[in-house]
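One letter stands for each residue in the lines below.
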Amino acid sequence: MKEELSKAELLQKEIMSKKDAYLENLITRLEEGRDYCNDYMAFLNFAKTEREFVKKTVSLLESNGFSRYDKSEKIGKGVYYNNRGKSLIAVTKGSRPLSDGFRMIAAHVDSPRLDLKPNPMYESDSLGYFKTHYYGGIKKYQWAAIPLAMHGTVITHDGKSIDIVIGEDDQDEVFCITDLLPHLSGKAQDSRTTREVIKGEELNILIGSVPIDDEKIKEPIKLNLMSILNKKYGMVEKDFVSAEIEFVPAFKSRYIGFDKSLIGAYAQDDRVCAYAALKAFLKSETPEYWTMLVLADKEETGSDGNTGLASSMIFEFVTSISEKENADRRIVFMNSDCISSDVAAGYDPTFSSVSDPQNSCYLGRGVSVERYTGAAGKVYTSEASAEYVWRIIKMLDDAGIIWQSGELGKVDEGGGGTVAKFIARLGADVIDMGVPVLSMHSPFEVTSCLDVYELYKAFKAFYKQS
Ligand code: MN
Ligand code: MN
């Protein structure tokens with residue numbers, strides 16, 4: 001016999017938030033999302049830099065009927081603007097006029113990593129090295145004693161552009177940063193703070209050890225290493241000054257756990273969002289509102305630079321397309337709904353002291369909705385209005401999306417930002433949405449398959465909403 005609910009239980013059901021919505025159909029949802037997660041993980045393995053992500057996106061857009069934006073040409077299904085191969089805007093034409101606004105999702109495709117200094121190569125005591133300057137907020141010690149792969153674009157002295165990837169194929173050589181053995185780290189290292197366990201100037205990448213056999217040469221290992229690069233790519237030492245070379249973890253994405261319910265991989269911040277946005281965008285054929293996909297660069301260093309969202313790239317693109325469509329750009333922005341899609345700090349039971357448990361996002365409990373990010377006293381952020389948050393939550397509920405809402409850690413514990421404030425500047429409504437991540441900014445970030453798939457479904461619903 002079915003047990004009757006007590007008066008208090010009925011009241012609870014009516015007016016209290018349902019805390020366990022994420023448990024509904026959990027196994028079915030996990031199975032449904034498996035193919036999507038497999039594809040996502042494969043994508044992560046060959047799009048480890050912003051350039052690789054944008055390149056892959058351009059080829060997907062073109063094979064789906066999108067063309068390069070040209071103001072003098074009629075817009076067919078949709079167009080894209082490739083900003084220096086490092087950031088991108090794509091739009092699909094809607095059945096409504098452009099003045100009714102866009103449905104925009106912006107995610108970033110740059111991730112924390114190690115960049116080479118302009119004069120990187122040296123040798124010391126029978127070993128060859130690269131000097132680096134880290135990019136984005138990393139805990140430097142996490143990047144020592146792991147295999148690293150080299151990705152980059154080199155313009156050789158004779159003007160040829162070469163894309164280099166070394167360390168991703170199982171047969172390839174890899175590189176690494178060495179750490180001190182525990183037997184000797186007592187005085188030299190053990191009293192350092194975590195930020196300094198490995199210092200910035202100690203992030204030197206080991207790249208070889210064999211000298212050229214000629215005692216007249218002062219730096220015989222360096223010469224040998226340079227001659228290998230010269231033979232393979234036509235490079236000379238001066239080419240490093242202009243090259244963009246990034247070192248990233250050489251390992252591939254993997255499922256985590258006996259139940260394979262979690263994903264471990266480098267650069268899920270923010271490819272988990274960028275990939276979901278891209279896939280949902282490609283699915284948004286013949287949408288009611290114009291849809292827009294923005295893949296941003298430089299988010300991890302504050303969005304500055306001409307490929308970051310603090311630049312005028314969105315403004316100029318929308319201005320141009322508005323003129324073309326006889327729409328008032330200001331009205332277009334004011335009528336636009338945007339999602340700043342970025343990852344949230346997942347609640348980590350091992351380090352629970354930094355989080356407010358009832359205002360945290362948990363792995364496996366759905367997409368994260370954060371109305372503001374920033375730090376102490378809500379600075380460095382934009383906050384979505386009550387009306388907009390309500391609309392977004394209604395959209396998620398109507399589409400049956402599992403979602404949760406929280407903040408980035410306890411008040412005054414720390415903080416962080418996203419691209420939301422740069423979109424808000426344009427006059428559009430914007431809110432942050434993503435998935436919670438553990439070990440964020442480490443070489444091996446952790447997400448939940450359930451959230452990863454739920455995010456894709458949320459973006460499909462967002463692009464479709466009327
Ligand atoms: Mn991010
Ligand atoms: Mn980040």
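Located above this text is the structure these notes cover.
The present account deals with the structure reproduced in this document. (Residues numbered from 1 in each chain as written. Chains lettered and ligands numbered in written order. Predicted model: local features only at pLDDT ≥ 70, side-chain atom pairs only at ≥ 80, totals over all residues. Heavy atoms only, no water.)

With that out of the way, let us pick up the overall build of the chain. Within the chain, the secondary structure is distributed over 12 helices and 23 strands. Whereas a compact globule of 466 residues would reach a radius of gyration of roughly 23 Å, the chain reaches 24 Å, a difference of no more than 12%. The principal-axis extents of the C-alpha atoms in the chain amount to approximately 90 × 60 × 40 Å. Evaluated residue by residue, the chain yields a buried proportion of 49% over its 466 residues. Summing over all exposed atoms, the chain offers an accessible surface of approximately 22700 Å²; the carbon and sulfur share of this is 51%. On the chain, the mean spot of the 57 positive side-chain charges and the mean spot of the 70 negative ones are 2 Å from each other. (Helix = DSSP H or I, 4+ residues; strand = E, 2+ residues; numbered from the N terminus. Rg over C-alpha atoms; globule rule 2.2 N^0.38 Å. Buried < 20%, exposed > 50% of the residue type's maximum accessible area, 1.4 Å probe, protein only. Areas by Shrake-Rupley, 256 points an atom, 1.4 Å probe, with all protein chains shown as cover. Lys, Arg positive; Asp, Glu negative; His and termini not counted. Charge placed at Lys NZ, Arg CZ, Asp CG, Glu CD.)

Within the protein, H108 (NE2), D269 (OD), D342 (OD) and D342 (OD) serve as the donor atoms for the manganese ion (ligand 1), at 2.1 to 2.6 Å. Read in sequence order, the donor residues coordinating the manganese ion (ligand 1) give the pattern H-x160-D-x72-D. (Donors = N, O, S within 2.8 Å, 3.2 Å for Na, K, Ca; no water.)

All right, on to the coordination of the manganese ion (ligand 2) then. On the protein side, the manganese ion (ligand 2) has D269 (OD), E300 (OE), E300 (OE) and H441 (NE2) as donor atoms, found 2.1 to 2.6 Å from it. When the donors of the manganese ion (ligand 2) are listed by position in the chain, the intervening gaps give D-x30-E-x140-H. A gap of 3.3 Å separates the manganese ion (ligand 2) and the manganese ion (ligand 1), which D269 links by coordinating each metal. Pair noted here: D269 is in helix α7 (residues 268-283) and E300 is in the loop between β14 (290-296) and α8 (313-324), with a separation of 31 residues, a long-range link. A residue is classified by how much of its surface remains accessible, and D269, at 3% relative accessible area, is buried.

As a further point, take the packing of helix α3 (residues 34-46) against α7. Geometry of a packed helix pair, given as the angle between the helix axes and the separation of the axes. Running from N to C, α3 and α7 cross one another at 120°; their axes reach a closest spacing of 11 Å. Taken together, the axis directions place α3 and α7 in an arrangement best described as oblique. Helix-helix and strand crossings are classified by hand; for α3 and α7 the assignment is right-handed. Mapping the contact onto sequence places Y36, D39, Y40, F43 and L44 in α3 and Q268, R271, V272, Y275, A276, L278 and K279 in α7. (Axes fitted to C-alpha atoms, helices over the stretch in contact; angles between N-to-C directions. Parallel < 35°, antiparallel > 145°, perpendicular 65-115°, else oblique. Left-handed = near helix turned anticlockwise from the far one by under 90°. Contact = heavy atoms within 4.5 Å.)

Within the open sheet, the seven strands sit side by side as β8-β7-β11-β5-β6-β10-β9. Their pairing is antiparallel. For this open sheet the edge positions go to β8 (161-166) and β9 (176-177), each flanked by a neighbour on one side alone. In this structure, strand β6 (residues 127-135) lies alongside strand β10 (residues 205-208), joined through three bridges in antiparallel fashion. Bridging from a neighbouring strand, Y129 pairs with L206 of β10. Together, β5 (113-124), β6, β8 and β10 form the strand contacts of helix α6 (residues 220-233), whose direction differs from that of β5 by roughly 130°. (Pairing = 2+ DSSP bridges.)

We now examine the sheet that holds strand β3 (residues 87-92). Here we have nine strands laid out as an open sheet, ordered β1-β2-β3-β14-β4-β15-β21-β17-β19, and mixed in their pairing. Either end of the sheet is taken by a strand with one partner, and the two such strands are β1 (67-68) and β19 (403-405). The pairing of strand β2 (residues 78-83) with β3 spans six bridges and is classified as antiparallel. Each residue of the ladder has a partner; that of V79, found in β3, is V91.

Core analysis: the biggest nonpolar cluster contains 60 residues, and L396, M433 and F459 have the highest contact counts within it. Considering each element in turn, this core owes the most residues, 11 residues, to helix α12 (residues 449-464). Not counting residues up to four positions away in its chain, the partners in contact with F459 are I105, C273, A276, A277, A280, I339, S341 and M433. Counting residues in hydrophobic clusters, the runner-up holds 35 residues, among them L116, L148, I162 and I245. (Core = buried A, V, L, I, M, F, W, Y, C linked by side-chain atoms within 4.5 Å.)

A word on unusual backbone geometry. Residues D269 and D270 are joined by a peptide bond in cis, for which omega reads 15°. A positive phi angle is found at S126, which is not glycine, with a value near 75°. Tracing the sequence through the fold places S126 in the loop between β5 and β6. Backbone geometry at H441 places phi at a positive 70°, although glycine is not the residue there. The topology assignment puts H441 in the loop between β22 (436-437) and β23 (445-448).

With that out of the way, let us pick up α6. Taking 1.5 Å of rise per residue, 14 residues should cover 20 Å, and α6 covers 20 Å from first to last C-alpha, within 8% of that figure. Turning to α6, its buried residues number three or more, namely P220, I221, K222, N224, L225, M226, L229 and Y233. Those residues of α6 hidden inside the fold are in contact with β5, β6, β8 and β10. G234 lies just past α6 and shows a positive phi near 75°. (Expected span 1.5 Å × (residues − 1).)

Time to look at the packing of helix α4 (residues 50-63) against α7. Packing of α4 against α7 brings their axes to within 11 Å, and their N-to-C directions diverge by 10°. Classed by the angle they form, the pair α4 and α7 counts as roughly parallel. Contact residues: α4 offers E50, F53, T57, L60 and L61, while α7 offers R271, A274, Y275, L278, F281 and L282. Classifying every residue of the contact of α4 with α7 gives eight nonpolar, one polar and two charged. (Nonpolar A, V, L, I, M, F, W, Y, C, P; charged D, E, K, R; others polar.)

As a further point, take the pairing of strand β13 (residues 262-265). On a regular strand, one side chain projects to one face of the sheet and the next to the other, so that they alternate. As paired elements, strand β12 (residues 254-256) and β13 share three bridges and run antiparallel to each other. Bridge pairing in β13 links Y255 to I263. Here β12 folds back onto β13 in antiparallel fashion, the turn holding five residues, of which G257 has a positive phi close to 95°. In terms of strand pairing, β13 meets β23 through four bridges, oriented antiparallel.

Overall, the coordinates contain 22 aromatic pairs when judged by the stated rule. Aromatic side chains Y36 and Y456 sit 4.6 Å apart centroid to centroid with 15° between the ring planes, which places their arrangement in the stacked category. Residue Y36 is found in helix α3, and its partner Y456 is found in helix α12; the two are separated by 420 residues along the sequence. A centroid spacing of 4.9 Å and a plane angle of 50° characterise the contact between F43 and Y275, whose relative ring orientation is tilted. One end of the pair, F43, is in helix α3; the other, Y275, is in helix α7, and 232 residues separate them in sequence. Across the pair, Y275 and F43 agree in class, each one buried. An aromatic cluster is built from Y36, Y40, F43, F46, F53, Y275, Y453 and Y456, whose rings are joined through pairwise contacts. (Phe/Tyr/Trp six-rings, centres within 6.5 Å; stacked < 30°, edge-to-face > 60°.)

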